[in-house]
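Results of the structural survey
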Amino acid sequence: MLTKIIVFLGGVGFISAVIPDYIKVCKSNEKDLAQCIINSVYALRPQLKKGIPELDVPPMEPLFLDEIKLRSGPNAAKLDANITNIKVWGPSEFQILEVKPNLAKKRFAFRATIPHIRFEGDYDIDMHILVLKYKGVGPISGNFTDYTFDCVMKGHLVKIDGKDYLKFDRMHLKLNIGKSSIRLENLFKEDPVIAKATDDVISDNTEVFMKEIQPTLERALAEKFTDIANKLTLKFTYQELFP
Ligand SMILES: *[C@@H]1O[C@H](CO)[C@@H](O)[C@H](O)[C@H]1NC(C)=O
Ligand SMILES: *[C@@H]1O[C@H](CO)[C@@H](O)[C@H](O)[C@H]1NC(C)=O
């Protein structure tokens with residue numbers, strides 16, 4: 001519908017799309033394209049944080065993730081868990097450490113760090129870690145600090161109504177785990193001794209737990225971020241974004 005209106009307006013001589021002032025475009029022959037992209041992303045961050053309704057971009061704080069399903073694991077930790085209603089705070093506080101743009105290949109590699117991430121959700125778990133077995137449901141929450149991630153976004157031009165738009169394939173995202181702490185509530189709450197033992201086992205095995213969660217979390221975040229990037233790049237022509 002929007003495209004049709006734009007085409008119609010374009011037909012009668014109006015400018016088809018106006019780049020909002022919170023999007024700082026980078027010239028394709030920019031001397032320091034990497035720095036320009038970093039500045040541009042930072043300038044956009046406040047909007048990303050609260051969402052950009054006119055561009056259909058949802059708020060990044062909190063970030064809602066789809067269900068995370070975990071299956072089995074190494075011998076020391078058998079795990080079957082479903083985590084739902086996941087809300088994540090902190091991802092918009094990313095600091096970009098490095099960008100390697102390759103406009104010719106429409107490929108952007110970057111490395112960033114997120115100082116503090118907090119999440120909440122609901123779990124339904126059936127696990128067997130070391131000597132303890134447990135099964136239960138309840139709220140799960142946790143904190144991750146000093147995470148870095150490496151991302152590669154590869155895009156290609158798609159033609160829409162005769163104009164070129166940049167569309168990204170699902171990004172590759174690799175998390176480098178920093179410190180994490182996870183809390184599962186309601187497990188064995190009727191038995192304080194077992195509850196304490198369970199808490200300790202989870203605290204002592206957060207790393208094991210995180211290793212299990214990591215690939216699923218990477219996929220979930222990659223999907224979210226790719227979706228956000230495409231919501232932006234598919235609203236403006238490639239020529240408008242990289243004049
Ligand atoms: C997780 O969900 C699947 C169905 O999607 C179900 O088969 C499985 O039993 C659930 N796991 C737990 C621990 O509830
Ligand atoms: C996460 O950090 C908040 C404060 O920043 C704290 O209240 C909460 O207990 C922490 N949760 C875990 C599981 O460490």
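Residues numbered from 1 in each chain as written. Chains lettered and ligands numbered in written order. Predicted model: local features only at pLDDT ≥ 70, side-chain atom pairs only at ≥ 80, totals over all residues. Heavy atoms only, no water.

Under an unreviewed UniProt entry, the name given to the protein is Protein takeout, and the organism recorded is Henosepilachna vigintioctopunctata. UniProt lists a comment for the protein under the heading Sequence similarities (unreviewed entry), and it reads "Belongs to the TO family." (UniProt positions renumbered as here; feature names shortened; annotations may be inferred.)

Attention now moves to the side chain of Thr 237. Within the element layout of this structure, Thr 237 appears in the loop between α4 (206-233) and α5 (238-241). Taking relative accessible area as the criterion, Thr 237 reaches 9% and is therefore assigned buried. Those residues in contact with Thr 237 that sit more than four places away from it in its chain are Lys 163, Asp 164 and Tyr 165. (Helix = DSSP H or I, 4+ residues; strand = E, 2+ residues; numbered from the N terminus. Buried < 20%, exposed > 50% of the residue type's maximum accessible area, 1.4 Å probe, protein only. Contact = heavy atoms within 4.5 Å.)

The next thing to look at is the nonpolar core. Formed by 65 residues in total, the largest nonpolar core has its most connected members in Leu 173 and Leu 217. When residues in this core are grouped by element, the largest group, 11 residues, is from α4. Among all residues touching Leu 217, those that are not within four sequence positions of it are Leu 65, Ile 68, Phe 144, Leu 175 and Met 210. (Core = buried A, V, L, I, M, F, W, Y, C linked by side-chain atoms within 4.5 Å.)

By nearness alone, every residue bordering ligand 1 is listed as Lys 69, Arg 71, Asp 80, Asn 82, Asp 124, Ile 125 and Asp 126. Within the side chain of Asp 124, one N or O atom sits 2.8 Å away from an oxygen atom of ligand 1. Out of a free accessible area of 360 Å², ligand 1 has 53% covered by protein chains. Where the shell around ligand 1 is concerned, the elements lending two or more residues are β2 (68-71), β3 (77-89) and β5 (107-129). Here the element with the most residues in the shell around ligand 1 is β5; it accounts for three residues. Its residues placed into classes, the shell around ligand 1 shows one nonpolar, one polar and five charged. (Near = heavy atom within 4 Å. Polar contact = N/O pair within 3.5 Å; in protein donor to acceptor, adjacent residues only side chain to side chain. Areas by Shrake-Rupley, 256 points an atom, 1.4 Å probe, with all protein chains shown as cover. Nonpolar A, V, L, I, M, F, W, Y, C, P; charged D, E, K, R; others polar.)

Another aspect to go through is the pattern of salt bridges. Taken as a whole and judged by the stated rule, the model has 10 salt bridges. As a salt-bridge pair, Lys 135 and Asp 126 come within 3.4 Å of each other at their nearest N and O atoms. In this structure, the salt-bridge partner of Asp 146 is Lys 179, at a minimum N-O distance of 4.0 Å. Residue Asp 146 is found in strand β6 (residues 132-160), and its partner Lys 179 is found in strand β9 (residues 179-184); the two are separated by 33 residues along the sequence. Overall, the relative accessible area of 57% leaves Lys 179 in the exposed class. (Salt bridge = Lys/Arg side-chain N within 4 Å of Asp/Glu carboxyl O.)

Confidence in the prediction for the protein averages 83 pLDDT; 85% of positions are at 70 or higher. Confidence drops under a pLDDT of 50 for residues 1-16, and excluding neighbours within four residues, the segment shows six contacts in the predicted structure. (pLDDT = per-residue confidence, 0-100.)

Within the structure, ligand 2 sits among His 116, Ser 141, Gly 142, Asn 143, Ser 181 and Arg 183. Taking Asn 143, its side chain carries an N or O atom lying 2.4 Å from an oxygen atom of ligand 2. Separating an oxygen atom of ligand 2 from a side-chain N or O atom of Arg 183 is a distance of 3.1 Å. Contact with the protein chains hides 52% of the accessible area of ligand 2, taken as 360 Å² for the molecule alone. Every element with two or more residues in the shell around ligand 2 is listed here: β6 and β9. Of all the elements, β6 adds the most residues to the shell around ligand 2, at three residues. Here the shell around ligand 2 is built from residues that sort into no nonpolar, five polar and one charged.

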